[in-house]
Amino acid sequence: MSFREAMLADLDAFLNVDEFATIREFCGVLLKVSYQFYRDAMSGRVADDYMGLHGDHVRLTFRVSDFLRKKSELPREKERVTFRGKSYTVDHSESEFGMCRLELSRYRGRKG
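The rules behind these values
- Residues numbered from 1 in each chain as written.
- Predicted model: local features only at pLDDT ≥ 70, side-chain atom pairs only at ≥ 80, totals over all residues.
- Heavy atoms only, no water.
- Helix = DSSP H or I, 4+ residues; strand = E, 2+ residues; numbered from the N terminus.
- Buried < 20%, exposed > 50% of the residue type's maximum accessible area, 1.4 Å probe, protein only.
- Contact = heavy atoms within 4.5 Å.
- Areas by Shrake-Rupley, 256 points an atom, 1.4 Å probe, with all protein chains shown as cover.
- Core = buried A, V, L, I, M, F, W, Y, C linked by side-chain atoms within 4.5 Å.
- Salt bridge = Lys/Arg side-chain N within 4 Å of Asp/Glu carboxyl O.

**Some remarks on the overall build of the protein**
Helices and strands together make up the secondary structure of the protein, namely 4 helices and 6 strands. Element order for the protein, N to C, with α for helix and β for strand: α-α-β-β-α-β-α-β-β-β. Evaluated residue by residue, the protein yields a buried proportion of 33% over its 112 residues. Nonlocal contacts in the protein, meaning residues at least 24 apart in sequence, comprise 54% of its contacts between residues at least 6 apart. Per element, the accessible surface of the protein, about 7200 Å² overall, is 50% carbon and sulfur.

Printed below as a string of structure tokens:
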């Protein structure tokens with residue numbers, strides 16, 4: 001068995017909802033996903049120091065084949081998508097070994 005074949009066989013371990021993943025809606029499709037919200041240095045500074053722009057960022061990982069059963073293609077960079085009912089922009093998209101990794105962001109004005 002090649003390394004690639006071993007990785008593809010182990011995808012269920014990475015997306016086990018009892019340990020690492022959860023089921024969430026992404027672009028109208030319920031998927032097993034692993035995700036993490038984060039702040040980069042710039043968005044954290046802007047949100048904390050100014051009464052202006054506030055950003056949400058999320059890294060999202062899911063199995064390519066699960067998504068492509070419902071949609072014709074994977075999201076591309078700069079494309080608008082929905083995750084957990086909110087609109088995001090795809091900042092980075094890559095897929096390999098049967099998994100898709102996306103970095104999403106959304107910005108909004110902060111009231112104050």
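Let us keep going from here.
**Side note on the nonpolar core**
Of all hydrophobic cores here, the largest spans 18 residues; its most connected members are Phe26, Leu60, Phe62, Phe67, Phe83, Leu102 and Leu104. Those elements that place two or more of their residues in this core are strand S2 (29-38), strand S3 (53-63), helix H4 (64-68), strand S4 (80-83), strand S5 (86-96) and strand S6 (99-109). Contact partners of Leu60, with chain neighbours within four places excluded, come to Phe26, Val33, Ser34, Tyr35, Phe83, Cys100, Arg101, Leu102 and Leu104.

**Points about unusual backbone geometry**
The backbone phi angle of Cys27 is positive, close to 55°, even though this residue is not glycine. Locating Cys27 in the fold gives a position in the loop between strand S1 (22-26) and S2.

**Describing the environment of Glu77**
Assignment of secondary structure puts Glu77 in the loop between H4 and S4. Exposure remark for Glu77: the relative accessible area of 42% places this residue in the partly exposed category. Along the sequence, Glu77 and Ser93 sit 16 residues apart, while their C-alpha atoms lie 6.0 Å from each other. Apart from the residues within four sequence positions on either side, Glu77 is in contact with Val90, Asp91, His92 and Ser93.

**Details of the pattern of salt bridges**
Applying the stated criterion across every chain, the model contains 7 salt bridges. The shortest N-O distance in the salt bridge between Arg101 and Glu94 comes to 2.8 Å. Residue Arg101 is classed as partly exposed on the basis of its relative accessible area, which comes to 28%. Notably, a salt bridge pairs Arg101 with Glu96, separated by 3.0 Å at the nearest N-O pair. Overlapping salt bridges, with partners in common, bring together Arg63, Asp66 and Arg69 in one network.

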